[in-house]
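Now for the letters of each chain:
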Amino acid sequence: MKQTDTVSLCIPMKAEYVSIARLTASGITSRAGFDIDTIEDIKVALSEVLGKIIEKKPLTDRINIDFVCQSDGIRININIPDNIPDLFDNEDDKFALAIIRSLMDEMEMIKQEHIITMVKKLGKAV
Amino acid sequence: MFELSTGNSDNNRYVISVKGEIDIYSAPGFKESLYQSISDVGQDIVLDCSDLTYIDSMGLGILVGVLKRVKEKGNNMIIRNPRSTVRKLFRITGLDKAFVIEEV
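Note that the coordinates shown come from a computational prediction; the quantities given were computed from them, not determined experimentally. Residue numbers restart at each chain and count upward from 1, following the sequence in its written direction. Written order determines the labels here, with chains lettered from A and ligands numbered from 1. Selection of residues for local features in this predicted model requires a pLDDT of at least 70, selection of side-chain atom pairs for listing and counting requires 80 or more, and totals for whole chains, interfaces and linings are taken over all residues.

Caption draft 1: Examining the overall build of chain A more closely. A run of DSSP states H or I qualifies as a helix once it reaches four residues; a run of E qualifies as a strand once it reaches two. Both are numbered from the N-terminal end. For chain A, the helix and strand inventory stands at three helices and five strands. Taken over the C-alpha trace, chain A has a radius of gyration of 14 Å; the compact-globule value for 126 residues is 14 Å, and the two agree within 12%. Over its C-alpha atoms, taken along the principal directions, chain A stretches across nearly 35 × 30 × 25 Å. To assign burial, the other C-beta atoms lying within 10 Å of each residue's own C-beta are counted, with C-beta atoms placed from the backbone; 20 or more indicates buried, 12 or fewer indicates exposed, and intermediate counts indicate partly exposed. The 126 residues of chain A split such that 34% are buried. Distance between backbone-placed C-beta atoms decides contact: two residues are in contact if it is within 7 Å. In chain A, the proportion of contacts linking residues at least 24 apart, taken out of those at least 6 apart, comes to 64%. In this treatment the radius of gyration is a C-alpha quantity, and the globule benchmark scales as 2.2 Å times the residue count to the 0.38 power.

Following this line, the structure appears as structure tokens:
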């Protein structure tokens, strides 16, 4: 059975707090054993998702992020507010989606649970 | 946050240096400052990214907008010395083919 540690972060739905989430991601992924380039990749991917959520001007005032540290990598779950049907529906969002898909090993939007989940495995740098 | 410094000239090209982070928070200010900086420029523009530590898709979108405006005037925009993390984003998004990227 895999051992998992989960770190949860809740930030205000404001652009100025995205850098706080990046800093937190940096600390957690470093602790999880990722190299510096991969840590940067994870920070960028997380920042893209948070940026898109904030851009859509949701009605909720906070974003919840769970960093699930597993023996073989990390899973990041980000809660999407109910009133956002699709994060990447505009033409302008294509850069963000391309970046996230390229930098992370897995990315999935689970609409029923209002979650975006991203996975990065240890030892698989882009 | 970011800092923009302008006014240097290099082989008849207008050099703008950007320092810091461009993300969802700093992007609106970056866009305003950059558009203001290039408004009266009638030559190629070099954006020196040596000290640009972070840029996201919103920042890249701003650069594309600037590139379009510069090309409308018959000029070009050069991205100088991007760090590996920044350069990777240009590659992933295909923007390394739209911009001239130079290392000096």
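Caption draft 2: Looking closely at the packing of helix α3 (residues 94–103) of chain A against helix α2 (residues 57–72) of chain B. To obtain each axis, a line is fitted to C-alpha atoms, and for helices this fit is confined to the stretch in contact; angles are then taken between N-to-C directions over 0 to 180 degrees. Interhelical geometry of α3(A) versus α2(B) gives an angle of 130 degrees and a closest axis separation of 9 Å. Classified by the angle their axes make, α3(A) and α2(B) are oblique. Two packed elements cross with a definite hand, and for α3(A) against α2(B) that hand is right-handed. For the pair α3(A) and α2(B), contact is made by Phe95(A), Ala96(A) and Ile99(A) and by Ser57(B), Leu60(B) and Gly61(B), respectively. Ten residue types, Ala, Val, Leu, Ile, Met, Phe, Trp, Tyr, Cys and Pro, are classed as nonpolar, four, Asp, Glu, Lys and Arg, as charged, and the remainder, Gly among them, as polar. Looking at the contact of α3(A) with α2(B) residue by residue, the classes come out as four nonpolar, two polar and no charged. In these notes the angle categories are as follows: under 35 degrees is roughly parallel, over 145 is roughly antiparallel, 65 to 115 is roughly perpendicular, and the rest is oblique. It is the rotation of the near helix from the far one that decides the hand of a crossing: anticlockwise by less than a right angle makes it left-handed, clockwise makes it right-handed.

Caption draft 3: Focus on the packing of helix α1 (residues 27–38) of chain B against α2(B). Residue and element names in this part refer to chain B. Orientation of α1 relative to α2, taken along the N-to-C sense of each, is 15 degrees, at an axis distance of 10 Å. In terms of orientation, α1 lies roughly parallel with respect to α2. Of the two elements, α1 crosses α2, and the hand of that crossing is right-handed. Together, Ala-27, Phe-30, Lys-31, Leu-34 and Ile-38 of α1 and Met-58, Gly-59, Ile-62, Val-66, Arg-69 and Val-70 of α2 make up the contact between the two elements. In terms of residue class, the contact of α1 with α2 is made up of eight nonpolar, one polar and two charged.

Caption draft 4: Expanded view of the interface of chain A and chain B. Each partner contributes residues to the interface: chain A has 16 residues there, and chain B has 12 residues. Here the element with the most residues in the side of chain A that touches chain B is helix α2 (residues 36–55) of chain A; it accounts for six residues. Here the side of chain A that touches chain B is built from residues that sort into eight nonpolar, four polar and four charged.

Caption draft 5: Focus on the nonpolar core. Membership of the largest hydrophobic core comes to 59 residues, with the highest contact counts inside it found for Ala45(A) and Ile99(A). Ranked by residues supplied to this core, first place goes to α2(A) with eight residues. Once residues lying within four places of it in the same chain are set aside, the contact partners of Ile99(A) are Val44(A), Ala45(A), Glu48(A), Ser57(B), Leu89(B), Ile92(B) and Thr93(B). By convention in this section, buried Ala, Val, Leu, Ile, Met, Phe, Trp, Tyr and Cys residues joined through C-beta atoms within 7 Å make up a nonpolar core.

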